[in-house]
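An overview of the molecular structure
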Amino acid sequence: ATLLGMALDQLTFTARRPEGERWRLDVSSTQTAGTVFWRESRGRIEGDIEAHFQRLALGEAGSDNSEKASEESGLSLADDIDFPAIRLTVDKLRLYGREVGALSVVGLNDVQAHRWKLEQLQLAGPHATLKGSGVWQLTGPQRGLTLQAQALFDDLGAYLEQAGFHNLVEGGHG
C-alpha cells in the first residue's frame, strides 16, 4: 500500500471508536508501527492528537525527493491540516534509510496562517541530542522551519558517520 507517497509493506490499518467520541487508529507495516488517538465532536477533531510510534520510516534510502512523493499522493503541506494540536513520539525514527533516534514533538496548528508552532522538539540518537522549539511555516515567502535549538554531541565523529559523512571527524563532544 502507498500512503502520502510512502510505500508500506504488509500494512495492517485499524480505526475504531472504543469509547464515546474518542477514536483509536492502529497502523502496522514493515516500515512503521504506531497508535494515534483523537476526540471528535460534530464531525471535527477536538483537542490534541496523540500519536505514539514504536517505529516510523520516512523516505526511501538513497532518495530525498519529498516533493515528488507529495505530488504523487495529491497532497501538499499547504493543504489545510484541520486539527488543533499534536503530541507525537517516535521511539525509532528512520529518515531516508538512516536511523536518527527518538523524536518527540508538541505542536500547535495555526490553520489561517498555514503555520505550526513547535512548542517542543527533541531528537535523541545514540551520539547526539537536539532540543528546541520553533515555527514551521508551510506556505509563503517565509516557508520553512525556524528553530531555536541546542545540539549536544557525545561523539561528533560517530554522529557524522551515522549521517553518512565518513572519515571527517574522530571523536568530539560538546
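All figures in this text were calculated on a predicted structure; none of them were measured in a lab. (Residues numbered from 1 in each chain as written. Predicted model: local features only at pLDDT ≥ 70, side-chain atom pairs only at ≥ 80, totals over all residues. Heavy atoms only, no water.)

1. Observations regarding the nonpolar core
Core analysis: the largest hydrophobic core is formed by 19 residues, its most contacted members being Val36, Phe53, Leu88, Val90 and Leu103. Every element with two or more residues in this core is listed here: β4 (22–28), β5 (33–41), β6 (44–58), β7 (85–95), β8 (98–110) and β9 (115–124). (Core = buried A, V, L, I, M, F, W, Y, C linked by side-chain atoms within 4.5 Å. Buried < 20%, exposed > 50% of the residue type's maximum accessible area, 1.4 Å probe, protein only. Helix = DSSP H or I, 4+ residues; strand = E, 2+ residues; numbered from the N terminus.)

2. Considerations on the sheet that holds β9
With respect to topology, 9 strands assemble into an open sheet ordered β3-β4-β5-β6-β7-β8-β9-β10-β11, the strand pairing being mixed. Strand pairing shows two members of the sheet lacking a second neighbour, β3 (12–19) and β11 (144–153), which therefore form its edges. Across this sheet, the average inter-strand angle for adjacent strands is 15 degrees, counted without regard to direction. As paired elements, β8 and β9 share 9 bridges and run antiparallel to each other. In the sheet register, Leu108 faces β9, and the bridge partner there is Lys117. (Pairing = 2+ DSSP bridges. Axes fitted to C-alpha atoms, helices over the stretch in contact; angles between N-to-C directions.)

3. Some remarks on the packing of aromatic side chains
Summed over the entire model, instances satisfying the criterion amount to 2 aromatic pairs. The interplanar angle of 5 degrees and the centroid separation of 6.0 Å between the aromatic rings of Trp23 and Trp38 together place this pair among those described as stacked. Taken together, the residues span a long stretch of sequence, with Trp23 in strand β4 and Trp38 in strand β5 at a distance of 15 residues. Classification of Trp23 as partly exposed rests on a relative accessible area of 22%. With a relative accessible area of 16%, Trp38 lands in the buried category. Ring geometry for Phe153 against Tyr159: centres 5.3 Å apart, planes inclined by 65 degrees, an arrangement best described as edge-to-face. (Phe/Tyr/Trp six-rings, centres within 6.5 Å; stacked < 30°, edge-to-face > 60°.)

4. Some thoughts on the pairing of β4
The pairing of β3 with β4 spans 6 bridges and is antiparallel. Its bridge partner being in β4, Phe13 is matched across the sheet by Val27. Following β3, the chain reverses through 2 residues before pairing antiparallel with β4; Gly20 in that reversal takes a positive phi of roughly 50 degrees. With 7 bridges connecting them, β4 and β5 associate as antiparallel partners. For Trp23, the partnering residue across the bridge sits in β5 and is Trp38. Linking two consecutive strands that pair antiparallel, namely β4 and β5, is a turn of 4 residues.

5. Some words on the pairing of β11
The pairing of strand β10 (residues 128–137) with β11 spans 10 bridges and is classified as antiparallel. Counted as the bridge partner of Val135 is Thr146 from β11. Connecting β10 to the next strand, β11, in antiparallel fashion are 6 residues, including Gly140 with a positive phi near 90 degrees.

6. Overview of a nonpolar patch on the surface
Nonpolar side chains collect at one region of the surface, where Trp136, Leu145 and Leu147 lie side by side and expose about 260 Å² of accessible area between them. Tracing the backbone shows Trp136 in strand β10. (Patch = residues over 30% accessible without salt bridge, like charges linked within 9 Å, V, L, I, M, F, W, Y side chains within 5 Å. Areas by Shrake-Rupley, 256 points an atom, 1.4 Å probe, with all protein chains shown as cover. Salt bridge = Lys/Arg side-chain N within 4 Å of Asp/Glu carboxyl O.)

7. Points about the pattern of salt bridges
Following the criterion strictly, the structure yields 4 salt bridges and no others. Taking the shortest distance from any N to any O, the salt bridge between Asp48 and Arg87 comes out at 2.9 Å. Of this pair, Asp48 sits in strand β6 while Arg87 sits in strand β7, placing them 39 residues apart in sequence. By relative accessible area, Arg87 is classed as partly exposed at 44%. Between Asp110 and Arg115 there is a salt bridge; the shortest N-O distance is 3.4 Å.

8. Notes on the confidence of the model for the protein
In this model, the protein carries a mean pLDDT of 86, and residues with pLDDT of at least 70 account for 87%. The secondary-structure element of the protein with the lowest mean pLDDT is helix α1 (residues 66–73), recorded at 48, while β9 shows the highest, at 96. Note on residues 69–75: pLDDT under 50 across the span, and 8 contacts to partners over four residues away in sequence or across chains. (pLDDT = per-residue confidence, 0-100. Contact = heavy atoms within 4.5 Å.)

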